[in-house]
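# A closer look at the structure
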Amino acid sequence: MALGRATMAPRRRHLRQPVLVEIRWRRSDASDLEPATISEISEAGALLLTDAGLTLGEEIIIEITTPGGARPLELTSIVRNTRHPEGGVGVEFMRRNSGGLTRIREVIRRLVDQ
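Rules used in this analysis
Each residue is numbered by its place in its chain's sequence as written, counting from 1. Under the rules for a predicted model, residues below a pLDDT of 70 receive no local features and side-chain atom pairs below 80 are neither given nor counted, while totals for whole chains, interfaces and linings still include all residues. Only heavy atoms go into the side-chain values, all of them from the structure, while hydrogens and water stay out. Here's how the labels work: a residue is buried when its accessible area is under 20% of the maximum for its type, exposed when over 50%, partly exposed in between, all with a 1.4 Å probe on protein chains only. Secondary structure elements are defined from DSSP: runs of H or I of at least 4 residues count as helices, runs of E of at least 2 residues count as strands, and each element is numbered from the N terminus. Paired strands, in this sense, are two strands between which DSSP finds at least two bridges. The angle between two axes is taken between their N-to-C directions and runs from 0 to 180 degrees, where each axis is a line fitted to C-alpha atoms and a helix contributes only its stretch in contact. By the convention used here, residues are in contact when the closest approach between their heavy atoms is within 4.5 Å.

## With respect to the pairing of strand 3 (residues 45–49)
- Most of strand 3 sits inside the fold, with 4 of its 5 residues counted as buried.
- As judged from the 4 bridges shared by strand 2 (residues 34–41) and strand 3, these two strands associate in the antiparallel manner. Within strand 3, the position partnered with Thr 37 by the bridge is Leu 49.
- Where strand 2 folds back on strand 3, the antiparallel hairpin that results is connected by 3 residues.

## Section: the sheet that holds strand 4 (residues 59–64)
- Strand order in the closed barrel formed by 6 strands is 1-2-3-6-5-4, and the pairing between neighbours is antiparallel. With strand direction ignored, the average angle separating the axes of adjacent strands in the sheet is 45°.
- Bridge count between strand 3 and strand 6 (residues 89–93): 4 bridges; the pairing is antiparallel. Across the sheet, residue Ala 46 finds its bridge partner in strand 6, namely Val 91.

## What about the side chain of Thr 66?
- Relative to the helices and strands, Thr 66 resides in the loop between strand 4 and strand 5 (73–81).
- Owing to a relative accessible area of 10%, Thr 66 belongs among the buried residues under this scheme.
- Among residues more than four places away in sequence, those in contact with Thr 66 are Val 107 and Arg 110.

## Some thoughts on the environment of Glu 106
- Here Glu 106 is to be found in helix 1 (residues 98–113).
- The class for Glu 106 is partly exposed, based on a relative accessible area of 30%.
- Taking the C-alpha atoms as reference points, Glu 106 and Glu 43, separated by 63 residues in sequence, lie 9.6 Å from one another.

Below is the structure:
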């Protein structure tokens, strides 16, 4: 018998921070960078606002330059969601070793604090 209560498991392990930052990205097999915007970011992934027609499972490289940053952080990413209500795609950051994870956290801190 149903009691009228439902519990929902959280979809994400990492809280996404709202940001609005211009970035550049490219497909892993391309060299030309395309401009886009990120509207949410966490240490595990981001929401990339683009109408480039990316497909699920596609590998892309995202370059994020923080305010005052000398060089961009380059993140290998996999497209995980192509049906976001805002029209973007959800991406998961790959190969986050301990040094890379620290750098991602610092980038997020700088983006949120700007």
